[in-house]
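Breakdown of the fold
The chain contents come next:
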Amino acid sequence: MLNVPCPISLREHLLTQLGELALTDRDRAVVSLLIEELDDDGYLPLGLDELAGNLPLELELDSDELAVGLAQLQQFDPAGVGARSLAESLTLQLRRLPGDEPGHALALAIVREHLALLGGRDYARLKKLLRCDDAALRDAQALIARLNPHPATGFGHGDVHYVIPDISVRKLRGRWTAELNRARCPPAGQPAVRTNAGRPPRRRRNVGPSAGGALAGQEHPAAI
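Thresholds applied
Residues numbered from 1 in each chain as written. Predicted model: local features only at pLDDT ≥ 70, side-chain atom pairs only at ≥ 80, totals over all residues. Heavy atoms only, no water. Salt bridge = Lys/Arg side-chain N within 4 Å of Asp/Glu carboxyl O. Helix = DSSP H or I, 4+ residues; strand = E, 2+ residues; numbered from the N terminus. Buried < 20%, exposed > 50% of the residue type's maximum accessible area, 1.4 Å probe, protein only. Core = buried A, V, L, I, M, F, W, Y, C linked by side-chain atoms within 4.5 Å. Contact = heavy atoms within 4.5 Å.

In the annotation of an unreviewed UniProt entry, the entry for the chain reads RNA polymerase factor sigma-54, and the organism field reads Chromobacterium violaceum.

If you want it as structure tokens, here you go:
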């Protein structure tokens, strides 16, 4: 049986960064609380007012203090983590890029206010609203295509998978023999197909059709 470690989880990655900061115990606790509230894509699914209202009264935490902690969390790696919307995540990622990159200012304006138009490929209206030409819009579109709508992509979940082979090979009385692993063999009459049944569903953020379209197919910009 092979012991195959999974990649580090997003939670572990963020807590490691948190441990390297010189914060008060209370500030550290606030950021840690926010990390625990992130979904599997690295987003904060609850608004700060709602989150503050769900916390025990004895913590004496309000939305203003949570906002300070969130601003700290949003500086962590990966870029875009801790956002409350796709637009905010893409904005955070763009702010990490050099401001003098072609299309940077235009890309910021698009992800903040016009993602639906970009997702719908309404380039004529985008050019009119942003007062830009074809070349400038292509630069902004190419920059947005480099961003990640799911900041937690590539991180594991902190567990360990054990891989059990279908066939065991061992040396018996000086000879190598191969045996079927009965734990992997289905009962007679059942197909030998393994599924994900029984595994709890992961929390994934639905970025919506307009948001998904905003980043899908960006490697092939349509004629503008």
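**Some thoughts on the pattern of salt bridges**
A full pass over the atoms with the stated rule returns 5 salt bridges. The shortest N-O distance in the salt bridge between R11 and E36 comes to 2.6 Å. Of this pair, R11 sits in helix 1 (residues 10-19) while E36 sits in helix 2 (residues 25-37); the two residues are 25 residues apart in sequence, bridging distant segments of the chain. Residue E36 is classed as partly exposed on the basis of its relative accessible area of 40%. One salt bridge in this structure joins R146 and E101, with 2.8 Å as the shortest N-O distance. One end of the pair, R146, is in the loop between helix 9 (134-145) and strand 2 (160-163); the other, E101, is in the loop between helix 5 (86-95) and helix 6 (104-113), with 45 residues separating them in the sequence.

**Concerning the nonpolar core**
Counting 23 residues, the largest nonpolar core has L94, I110 and L126 as the members making the most contacts within it. Secondary-structure elements contributing two or more residues to this core are helix 5, helix 6, helix 7 (115-119), helix 8 (123-130) and helix 9. Top element by residues in this core is helix 6. It accounts for 5 residues. If near-sequence neighbours (up to four positions away) are discounted, L126 is found in contact with H114, L117, L118, R131 and L137. Among the nonpolar cores identified, the runner-up in size contains 21 residues, and L18, L44, L61 and L70 belong to it.

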